[in-house]
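Chains, contacts and geometry: an overview
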Amino acid sequence: MLIKTRKSSDVQSSEITLKSVFLERRKFMKTAAVAGASIAVPGLLTPQSVFAAKPDPKRVKLPGVIKGPFSTKEAPNSYDDITSYNNFYEFGTGKRDPKRRAKKFKTQPWTVKIEGDVGKPGAIGFEDLIKPHKLEERVYRFRCVEAWSMVVPWVGIPLADVLKRFEPTGNAKFVAFETLHDPKQMPGQKRNSLDWPYVEGLRMDEAMHPLTLLAVGLYGEVMPNQNGAPIRLIVPWKYGFKSIKSIVKIKLQEKMPPTSWNQQAPREYGFYSNVNPEVNHPRWSQSKERRLGKFLKQKTPMLNGYADEVASLYAGMDMKKNF
Ligand SMILES: Nc1nc2c(c(=O)[nH]1)N[C@H]1C(S)=C(S)[C@@H](COP(=O)(O)O)O[C@H]1N2
Ligand SMILES: [Mo]
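My aim in this report is to walk through the structure given alongside it, one point at a time. Here the structure is a predicted model, which means the values were calculated and not measured.

1. Concerning the overall build of the protein chain
- Within the protein chain, the regular secondary structure consists of ten helices and 13 strands.
- Per-residue burial over the protein chain gives 51% buried out of 323 residues.
- Put simply, of all contacts in the protein chain between residues at least 6 apart along the chain, 73% involve residues at least 24 apart.
- Of the roughly 15800 Å² of accessible surface on the protein chain, a fraction of 55% belongs to carbon and sulfur atoms.

As structure tokens, then:
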């Protein structure tokens, strides 16, 4: 089991900036290493026991998190479920690969480029991108196209709040997102399991919808690498693959952008990819899902249970054609 660090529980004040949390984490990692060496007294503590007692320095609490709207009442999955069964092809195609292979992935410093049809384009450091916004906890259902699902207490900020700061122009009809391309750090990118970098897109109204989140953590802590650190998209009414991880570029544009899974298999994955129990994947049913940790399958609701909030975005559209 993972033990929370003392440092993380000390971080309470909402005054503390994200930057200071990350600096603190680095300092902690150093002192933990030194402390580990100095208390390894032979006969008292074996190096193994010191190692076992060492808290995971990656689990750092985020400061000033408030409860956001739209949270489901369903029970969240465990931290362990959410962080050990992942799709993140940059670190391998197996569900157990990302946790194991993303351990050393360097997520700071991190810069996100905002470009295209915006009044104020630019490259911005992760901390500066996040800082003006209140971090919110949102417990969302998350439905993978492969028919498993989970409930996750994400921490993040509405994408709309971020985009507005860069002043979208009237030409901005779509938002294109891009993941980091760095085969040295992301071994999966040395293989052509997908066309790299991973890209995704949303229509402007989907991107500006208050449910759409840029997530920087889960369970009140900094985002684990395998879940798309340091910043990823969450679009809870769409299949999981729309929620692109480790974002380095956001471009507003007039044209519908290409998306990785649509490029890979256009018959199987469309641009919209709204969760729809009535439209099956060509190779399997989408009517049911298996919640991680549960044995029996359960019914998948229309738009993953967010129909009241987002069905109006698709009024008059044929959801079977625009799958
Ligand atoms: N960059 C990138 N983003 C990605 C993926 C990926 O392989 N690479 N996989 C997607 C898929 S298929 C799913 S189901 C979710 C999984 O997110 P999770 O690890 O938080 O469960 O991430 C999505 N975002
Ligand atoms: Mo997925």
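2. Concerning the site of ligand 1
- Near ligand 1 there are 20 residues, and of these Asn86, Tyr89, Glu90, Arg232 and Lys245 occur at the shortest range.
- Here an oxygen atom of ligand 1 sits 2.5 Å away from a polar atom, N or O, in the side chain of Arg232.
- Between ligand 1 and Ser243, the relevant distance is 2.9 Å, taken from a nitrogen atom to a main-chain nitrogen or oxygen of the residue.
- Alone, ligand 1 offers 530 Å² of accessible surface; in the complex the protein occludes 99% of this.
- Examining the composition of the shell around ligand 1, we find that three residues originate from one element, strand β5 (residues 148-158), more than from any other.
- By residue class, the composition of the shell around ligand 1 is ten nonpolar, seven polar and three charged.

3. Considerations on the pairing of strand β7 (residues 199-203)
- Counted residue by residue, β7 has five buried out of five residues, so it is predominantly covered.
- A two-sided burial pattern is seen for β7, the buried positions comprising Val199, Gly201 and Arg203 on one face and Glu200 and Leu202 on the other.
- The sheet contact formed by strand β6 (residues 174-179) and β7 spans five bridges and is antiparallel. Residue pairing for β7: Ala176 is matched across the bridge by Gly201.

4. With respect to the packing of aromatic side chains
- The full count for this structure, using the stated rule, is 13 aromatic pairs.
- Ring geometry for Phe105 versus Trp110: centroids 5.9 Å apart, planes at 85°, classification edge-to-face.
- Classification of Phe105 by relative accessible area gives buried; the value is 5%.
- Look at Trp110 and you get buried, because its relative accessible area is 6%.
- A centroid spacing of 6.1 Å and a plane angle of 85° characterise the contact between Tyr272 and Tyr314, whose relative ring orientation is edge-to-face. Within this pair, whereas Tyr272 is found in the loop between α9 (260-264) and β12 (288-291), its partner Tyr314 is found in the segment after α10 (307-310), the two being separated by 42 residues in sequence. Residue Tyr272 shares its accessibility class with Tyr314, and that shared class is buried.
- Cluster of aromatic residues (ring-pair linked, three or more members): Phe88, Phe91, Phe105 and Trp110.
- Taking the ring centre of Tyr306 as reference, the NZ or CZ of Arg141 above it sits at 4.9 Å.

5. Observations regarding the nonpolar core
- One finds Leu129, Trp154, Phe177, Ile231, Leu233, Trp237 and Ile250 to be the most contacted residues of the largest nonpolar core, which totals 78 residues.
- Residue contributions to this core peak at six residues, all from β5.
- Among residues more than four places away in sequence, those in contact with Trp154 are Glu136, Glu137, Arg138, Tyr140, Phe142, Leu213, Ala215, Gly217, Leu218, Met223, Arg232 and Ile234.

6. Here's the deal with the environment of Leu233
- Note on placement: Leu233 falls in strand β10 (residues 232-234).
- Since its relative accessible area comes to 0%, Leu233 is described here as buried.
- Spatially, the C-alpha atom of Leu233 lies 8.6 Å from that of Ser246, the residues being 13 residues apart in sequence.
- In this structure Leu233 touches Leu159, Phe177, Leu202, Thr212, Leu213, Leu214, Lys242, Ser243, Ile244 and Ile247, once residues within four positions along its chain are discounted.

7. Re the environment of Val112
- In this fold, Val112 is placed in strand β2 (residues 111-116).
- Residues Val112 and Thr179, spaced 67 residues apart in sequence, show a C-alpha to C-alpha distance of 9.8 Å.
- The contacts of Val112, once residues within four sequence positions are left out, are Gly122, Ala123, Ile124, Leu129, Ile231, Ile247, Val248, Lys249 and Ile250.

8. Focus: the sheet that holds β7
- Reading across from one edge, β3-β2-β11-β6-β7 is the order of the five strands in this open sheet, with mixed pairing throughout. If you trace the sheet from one side to the other, it starts and ends with β3 (122-125) and β7, each paired once. Recorded for the sheet is a direction-independent mean angle of 20° between the axes of neighbouring strands.

9. Considerations on the pattern of salt bridges
- Tallied over the full model, the rule gives 17 salt bridges.
- The closest approach of N and O atoms between Lys99 and Asp80, which form a salt bridge, is 4.0 Å. Taken together, the positions of Lys99 in helix α5 (residues 97-101) and Asp80 in helix α4 (residues 79-84) put the pair 19 residues apart, joining distant regions of the chain.
- On the basis of relative accessibility, which here comes to 46%, the residue Asp80 falls in the partly exposed class.
- Across the salt bridge formed by Arg138 and Glu136, the nearest N and O atoms sit 2.7 Å from each other. Taken individually, Arg138 and Glu136 each receive the classification buried, so the pair is uniform in this respect.
- Taken together, the salt bridges that share partners define one network made up of Glu74, Arg141, Arg143, Glu289 and Arg291.

Here is what the cut-offs are and how they apply
Residues numbered from 1 in each chain as written. Chains lettered and ligands numbered in written order. Predicted model: local features only at pLDDT ≥ 70, side-chain atom pairs only at ≥ 80, totals over all residues. Heavy atoms only, no water. Helix = DSSP H or I, 4+ residues; strand = E, 2+ residues; numbered from the N terminus. Buried < 20%, exposed > 50% of the residue type's maximum accessible area, 1.4 Å probe, protein only. Contact = heavy atoms within 4.5 Å. Areas by Shrake-Rupley, 256 points an atom, 1.4 Å probe, with all protein chains shown as cover. Near = heavy atom within 4 Å. Polar contact = N/O pair within 3.5 Å; in protein donor to acceptor, adjacent residues only side chain to side chain. Nonpolar A, V, L, I, M, F, W, Y, C, P; charged D, E, K, R; others polar. Pairing = 2+ DSSP bridges. Phe/Tyr/Trp six-rings, centres within 6.5 Å; stacked < 30°, edge-to-face > 60°. Lys NZ or Arg CZ within 6 Å of the ring centre and 35° of its normal. Core = buried A, V, L, I, M, F, W, Y, C linked by side-chain atoms within 4.5 Å. Axes fitted to C-alpha atoms, helices over the stretch in contact; angles between N-to-C directions. Salt bridge = Lys/Arg side-chain N within 4 Å of Asp/Glu carboxyl O.

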